[in-house]
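Chain by chain, the residues run as shown.
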Amino acid sequence: MPLILPLLLAVVLFCVGVYGVLARRNVITLLMSFELMLNAVNLNLVAFDAWRLDTAGQTLAVFVITLAAAEIGLGLAIVLLLFRGHGHVDADAARDLVEREEAS
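Cut-offs applied
- Residues numbered from 1 in each chain as written.
- Predicted model: local features only at pLDDT ≥ 70, side-chain atom pairs only at ≥ 80, totals over all residues.
- Heavy atoms only, no water.
- Helix = DSSP H or I, 4+ residues; strand = E, 2+ residues; numbered from the N terminus.
- Expected span 1.5 Å × (residues − 1).
- Buried < 20%, exposed > 50% of the residue type's maximum accessible area, 1.4 Å probe, protein only.
- Polar contact = N/O pair within 3.5 Å; in protein donor to acceptor, adjacent residues only side chain to side chain.
- Core = buried A, V, L, I, M, F, W, Y, C linked by side-chain atoms within 4.5 Å.
- UniProt positions renumbered as here; feature names shortened; annotations may be inferred.
- Phe/Tyr/Trp six-rings, centres within 6.5 Å; stacked < 30°, edge-to-face > 60°.
- Patch = residues over 30% accessible without salt bridge, like charges linked within 9 Å, V, L, I, M, F, W, Y side chains within 5 Å.
- Areas by Shrake-Rupley, 256 points an atom, 1.4 Å probe, with all protein chains shown as cover.
- Salt bridge = Lys/Arg side-chain N within 4 Å of Asp/Glu carboxyl O.
- Contact = heavy atoms within 4.5 Å.

Remarks on helix α2 (residues 27-52)
A rise of 1.5 Å per residue sets the reference length of α2, with its 26 residues, at 38 Å; its end C-alpha atoms lie 38 Å apart and thus fit the reference within 8%. Restricting attention to buried positions, one finds in α2 the residues V27, L30, L31, S33, E35, M37, A40, N42, L45, A47 and D49. Two or three places before I28, at the start of α2, stands the capping residue N26, its side-chain oxygen 3.2 Å from that residue's backbone nitrogen. L53 sits one or two residues past α2 and shows a positive phi near 55°.

Section: the nonpolar core
Core analysis: the biggest nonpolar cluster contains seven residues, these being V21, V27, L30, L31, M37, V79 and A91. Examining the composition of this core, we find that four residues originate from one element, α2, more than from any other.

Here's the deal with the environment of W51
Here W51 shows up in helix α2. Measuring from C-alpha to C-alpha, the distance between W51 and P2 comes to 8.8 Å, with 49 residues separating the pair along the chain.

Topic: the UniProt feature "transmembrane region" (unreviewed entry) in the protein
In the UniProt entry, the feature "transmembrane region" (unreviewed entry) is given for residues 60-83. Secondary structure across residues 60-83 comprises 100% helix and 0% strand; the distance between its end C-alpha atoms is 34 Å.

What to know about the packing of aromatic side chains
All told, the structure shown has one aromatic pair when counted by the stated rule. Summarising the aromatic geometry, the rings of F48 and W51 are spaced 6.1 Å apart at their centres and angled 70° between planes, so their arrangement reads as edge-to-face. Taken together, the residues F48 and W51, both in helix α2 and three residues apart, mark about one turn of the helix. Relative accessible area serves as the criterion here: at 36%, F48 is assigned to the partly exposed category. A relative accessible area of 57% places W51 in the exposed class.

A few points about a nonpolar patch on the surface
A contiguous nonpolar patch, built from M1, I4, L5 and L8 and spanning about 480 Å² of accessible area, is present on the exposed surface. Within the element layout of this structure, L8 appears in helix α1 (residues 4-23).

Structural notes on the side chain of S33
When you line up the elements, S33 lands in helix α2. Residue classification places S33 among the buried positions, given a relative accessible area of 5%. Within the structure, S33 has its side chain in polar contact with the backbone oxygen of T29 (distance 2.9 Å). Beyond its immediate chain neighbours, meaning those up to four positions away, S33 contacts G17, G20 and V21.

Okay, here's the thing in structure tokens:
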């Protein structure tokens, strides 16, 4: 398989993730968009690994997957805390809460 096909798929995944981060305000959607971007990075690592016939890309991909698992665990804990305390998961409203507490 040519190298360009997985790279194009990774570009599309990364662009969808960036759009999700920039256009959406729901924290769950932001977390899913971050995961899409990390999966695009993993796809690039594995594609270049297969192209170079090396194992360094697969090793880095495992570390990125571990980082993504830690990020989603911490992110979901923050989302649950925000929802229990304030009844919403809107990122803009959460930012306003921080600014309101600093002004007091």
